[in-house]
Amino acid sequence: MRCTSQIPAGHELALVNLRSVSGVIVRDIGDLSNPVTRCVIQGVRGNYFRFVTATRISYIVSADNGDGAMYVADLQTGKTSLVRSWSNGGYLYWTYAWSPDGSMLSYISSGDQIAWHVRSSSGDQTLSALGSIPGRGVDPDRDDAMVGFSADGQYVALEETFTDSGSGKGAPFQVVRLADHKLVYSRTDGSMATWAGKGARLFFRTKAGVESWDPTAGAHLMIPGLFWIRPSPSADGLRIAYTAADGTGNHHVGYMRLADQPPAANQLSFQPRTGAAFLDSTLVWYQQESLCSAAGVQCGLGGAPLTGRTYIRDLVTGTENVSIITALYDSWPRVGAS
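Residues numbered from 1 in each chain as written. Predicted model: local features only at pLDDT ≥ 70, side-chain atom pairs only at ≥ 80, totals over all residues. Heavy atoms only, no water.

Q: How should I be thinking about the state of the cysteines in this particular structure?
A: Two cysteines whose sulfur atoms are joined by a covalent bond form what is called a disulfide. Overall, the coordinates contain two disulfides when judged by the stated rule. Residue pairing for Cys3: its cysteine sulfur links by disulfide to Cys39, the two sulfurs lying 2.1 Å apart. When the S-S torsion is 105 degrees, as for the bridge of Cys3 with Cys39, the disulfide is right-handed. Of this pair, Cys3 sits in strand E1 (residues 2-3) while Cys39 sits in strand E4 (residues 36-41), placing them 36 residues apart in sequence. On the accessibility criterion, Cys39 (1% relative accessible area) is buried. (Disulfide = S-S within 2.5 Å. Helix = DSSP H or I, 4+ residues; strand = E, 2+ residues; numbered from the N terminus. Buried < 20%, exposed > 50% of the residue type's maximum accessible area, 1.4 Å probe, protein only.)

Pasting the structure below:
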């Protein structure tokens, strides 16, 4: 890891790969017209990079035999520390999230059985045993696993579509209050979830469309018929970007404004696009797909082949520009953090 300059307090950051540049880059995007590379991470066989805080990042190193470990790298000191390690990790070991202030970690452990954990200065607590994962195919447009903390840091949520939850096993969709680890909401369906807004507002996909839950109002349907894929909240928590399949084999990207009454789905591009994610509060990054109806293009589960071209959409100006970011791992600040 090599950092060429200190990260100024309050700046917006992104963990990315850049075209024709090796390594994972900590990119300062406070001024997108003049972005600055703060750090370059090279020589690490890691993946699943996340911001713990603005100056600390985590990543996972895994082996073919299922062994793995999570590390945290301090961008100011250059030191790396081990968070946890495992043997025969199996599946879903990459599903993890940090609380808004970076003091707590939620993750899924795997092996013969799947379990949901929260880790803090008080220790590592198992919140739920989820059962085993049966052998079957995976549909990237339907299957998902997520853990995450509410913006106020008072709740943590889990959703996953992989385990075979039987008698005595935890539900595949749960919300737990962190103060006492009490289960406050659960269901047997629901996927593609994210926290957004202020306080504790969870948004997720069901067979009816996009629903939301909060500890006061409970759950209710927000946008009927919207079956979003891997929603991404803006840094200020006011919007959610998403991808949706169009039925032809291609995908399109859109976003929802939480302040709209009633909330509505706003399509960002009529061209094939996928992997929508917020870089900050108003900039959405996404990838271009090949057109499924084009000669020689083979479309299957998960959509069409990617072209290698990526874009950034500015929601303020409404413009779409070609991006040199080829992969986006995470951005900072996240919802609830500063």
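So much for the structure itself; the text now carries on.
Q: I tried to follow the packing of aromatic side chains on my own but got confused; where do I start?
A: Two descriptors summarise a pair of aromatic rings, namely the distance from one centre to the other and the angle between the planes of the rings. Evaluated as defined, the whole model comprises 17 aromatic pairs. Judged by centre distance (6.1 Å) and plane angle (85 degrees), the ring pair of Phe173 and Tyr185 falls under edge-to-face. Here Tyr185 lies in strand E16 (residues 182-187) and Phe173 lies in strand E15 (residues 173-177), a separation of 12 residues in the sequence. Phe173 sits in the buried class, given a relative accessible area of 1%. For the pair Tyr286 and Tyr311, a centre-to-centre distance of 6.3 Å together with 40 degrees between the ring planes defines the contact as tilted. Of the two residues, Tyr286 is situated in strand E26 (residues 283-289) and Tyr311 in strand E27 (residues 306-314); the sequence distance between them amounts to 25 residues. Every member of this aromatic cluster is reached through a ring pair, and the members are Tyr48, Trp86, Tyr91, Tyr93, Trp94 and Phe162. Between the NZ or CZ atom of Arg50 and the centre of the ring of Tyr96, over which it lies, the distance is 5.0 Å. (Phe/Tyr/Trp six-rings, centres within 6.5 Å; stacked < 30°, edge-to-face > 60°. Lys NZ or Arg CZ within 6 Å of the ring centre and 35° of its normal.)

Q: Please explain the sheet that holds strand E8 (residues 80-86) as it appears in this structure.
A: For sheets, the rule is that strands pair by backbone hydrogen bonds, running either parallel or antiparallel. Taken together, the four strands give an open sheet; going across it, the order is E5-E6-E7-E8, and neighbouring strands pair in antiparallel fashion. Strands with a single pairing partner mark the edges of an open sheet, and in this sheet they are strand E5 (46-53) and E8. Neighbour-to-neighbour, the strand axes of the sheet open up by a mean angle of 20 degrees, direction not taken into account. Direction of pairing for strand E7 (residues 68-74) relative to E8: antiparallel, over a ladder of six bridges. (Pairing = 2+ DSSP bridges. Axes fitted to C-alpha atoms, helices over the stretch in contact; angles between N-to-C directions.)

Q: What is the right way to look at unusual backbone geometry in this model?
A: Only a minority of non-glycine residues have a phi that is not negative, and only a minority of peptide bonds are not trans. Note that the residue after Gln261, namely Pro262, is joined by a cis bond; omega there is 0 degrees. Looking at the secondary structure, you find Pro262 in the loop between strand E23 (251-257) and strand E24 (265-267). A cis amide bond, omega 5 degrees, links Trp332 with the succeeding residue Pro333. Along the chain, Pro333 turns up in the segment after strand E29 (325-332). Backbone geometry places His181, a non-glycine residue, at a positive phi of 60 degrees. Relative to the helices and strands, His181 resides in the loop between E15 and E16. With relative accessibility at 34%, the residue His181 sits in the partly exposed group. Even without glycine at this site, Met192 takes up a positive phi of about 50 degrees. Its location among the elements puts Met192 in strand E17 (residues 191-196).

Q: What am I meant to see in the environment of Val175 here?
A: Inspection of the secondary structure puts Val175 in strand E15. Leaving out residues up to four positions away in the same chain, Val175 has contacts with Tyr155, Val156, Ala157, Lys182, Leu183, Val184, Tyr185, Trp195, Leu202 and Trp213. (Contact = heavy atoms within 4.5 Å.)

Q: What is the right way to look at the pattern of salt bridges in this model?
A: Side-chain pairing between opposite charges can occur once the charged atoms of the two side chains come close. Tallying each qualifying case throughout the model produces 11 salt bridges. The partner of Arg177 in a salt bridge is Asp180, with the nearest N and O atoms 2.7 Å apart. On the accessibility criterion, Arg177 (27% relative accessible area) is partly exposed. We classify Asp180 as partly exposed; its relative accessible area is 44%. With a shortest N-O distance of 2.6 Å, Arg187 and Asp189 are connected by a salt bridge. Given a relative accessible area of 16%, Arg187 falls into the buried group. Residue classification places Asp189 among the partly exposed positions, given a relative accessible area of 30%. A single salt-bridge network, built from bridges that share partners, covers Arg187, Asp189 and Glu211. (Salt bridge = Lys/Arg side-chain N within 4 Å of Asp/Glu carboxyl O.)

Q: What exactly am I supposed to notice about the sheet that holds strand E13 (residues 145-149) here?
A: Sheet architecture is open: four strands sit in the order E13-E14-E15-E16, paired in antiparallel fashion. The strands lining the two open edges of the sheet, one partner per strand, are E13 and E16. When strand polarity is set aside, the average angle formed by the axes of neighbouring strands in this sheet is 10 degrees. Where strand E14 (residues 155-160) meets E15, five bridges bridge the pair, whose relative direction is antiparallel. From the neighbouring strand, Leu158 faces E15, where its bridge partner is Gln174.

Q: Is there a simple way to explain the nonpolar core in this structure?
A: A general tendency of soluble globular proteins is for nonpolar side chains to be buried together. Formed by 17 residues in total, the largest nonpolar core has its most connected members in Trp116 and Val156. Listing elements by their share of this core, those giving two or more residues are strand E11 (114-120), strand E12 (123-131), E13 and E14. Core analysis: the second largest hydrophobic core is formed by 16 residues, Ile7, Val26, Trp332 and Ala337 among them. (Core = buried A, V, L, I, M, F, W, Y, C linked by side-chain atoms within 4.5 Å.)

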